[in-house]
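Residue-level structural notes
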Amino acid sequence: MREITFTRTELRDVRRMAAAEARRLGMDEDATAELMVAVSEVATNAVLHGAPPATARVWDEGGELLVEIRDEGRTWRPEAPPGLTRPAGLSTGGMGLWVARRLCKDLSVETGPGGTTVTMRFTLRSG
């Protein structure tokens, strides 16, 4: 497992860490590029809308790559699972979790006394 604590200025480091681990575990370049977009969207949300610093963890679990982004934000209480529906119209914001959901196999969000955690699951190898 790899882990990094980050703020807004270290977002690049989060993407690099996740991509390096994905490549090390055999993820192809197209899937790694999609992973980097999803990780970037969720990590950016953590430091812009959550309570930084945030933590990113990356690990292999049964042939899948898991990426967990956690911040100290405790006040967000979505009524429904976030990111299931596309933001309305030509919105220029609010698309991060919607985009991330489309790029990973699964995405879960938990908010409580310990903060907010988004966990994304990616397939390492196709076929």
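Rules behind the numbers
- Per chain, residue numbering runs from 1 following the sequence as it is written.
- It should be noted that, the model being predicted, local features are given only for residues of pLDDT at least 70 and side-chain atom pairs only at 80 or more, the latter also being counted only at that level, while totals for whole chains, interfaces and linings use all residues.
- In computing side-chain values, all of the structure's heavy atoms are included and hydrogens and water are not.
- Helix numbers and strand numbers start at the N terminus; a helix is a DSSP run of H or I with at least 4 residues, a strand a run of E with at least 2.
- Contacts between residues were defined by any pair of non-hydrogen atoms, one from each residue, lying within 4.5 Å.
- Two strands qualify as a pair provided DSSP detects at least 2 bridges between them.
- Only C-alpha atoms enter the line fits that serve as axes; for helices the fit covers just the stretch in contact. Angles between N-to-C directions range over 0 to 180 degrees.
- Crossings are classed by handedness, with left-handed meaning an anticlockwise turn of the near helix from the far one by less than a right angle and right-handed meaning a clockwise turn.
- The classification used treats Ala, Val, Leu, Ile, Met, Phe, Trp, Tyr, Cys and Pro as nonpolar, Asp, Glu, Lys and Arg as charged, and all other residues, Gly among them, as polar.

**Considering the environment of Ala46**
- Considering the arrangement of structural elements, one finds Ala46 in helix H2 (residues 29–49).
- Spatially, the C-alpha atoms of Ala46 and Glu72 are 8.7 Å apart, while their sequence positions differ by 26 residues.
- In this view, Ala46 contacts Ala51, Pro52, Ala54, Ile69 and Asp71; residues no more than four positions away in its chain are not counted.

**Examining the side chain of Thr119**
- Position of Thr119 among the secondary structure elements: in strand E5 (residues 115–123).
- Leaving out residues up to four positions away in the same chain, Thr119 has contacts with Leu66, Val67, Glu68, Asp106, Leu107 and Ser108.

**Overview of the pairing of strand E2 (residues 54–61)**
- Relative to E2, strand E1 (residues 2–6) runs antiparallel, the two sharing five bridges. Bridge assignment links Ile4 to a residue of E2, and that residue is Ala56.
- Pairing of E2 with strand E3 (residues 64–71) involves seven bridges; the strand directions are antiparallel. The partner of Thr55 across the bridge, within E3, is Arg70.
- If you look at the hairpin formed by E2 and E3, you'll find two residues sitting between the two strands, and Gly62 has a positive phi there, around 60°.

**Brief notes about the packing of helix H1 (residues 11–24) against H2**
- Packing of H1 against H2 leaves a shortest axis separation of 9 Å and a crossing angle of 145°. Seen from above, H1 lies across H2 with right-handed handedness. Mapping the contact onto sequence places Leu11, Val14, Arg15, Ala18, Ala19, Ala22 and Arg23 in H1 and Glu29, Thr32, Leu35, Met36, Val39, Ser40, Ala43, Thr44 and Val47 in H2.
- Taken together, the residues of the contact of H1 with H2 sort by class into ten nonpolar, three polar and three charged.

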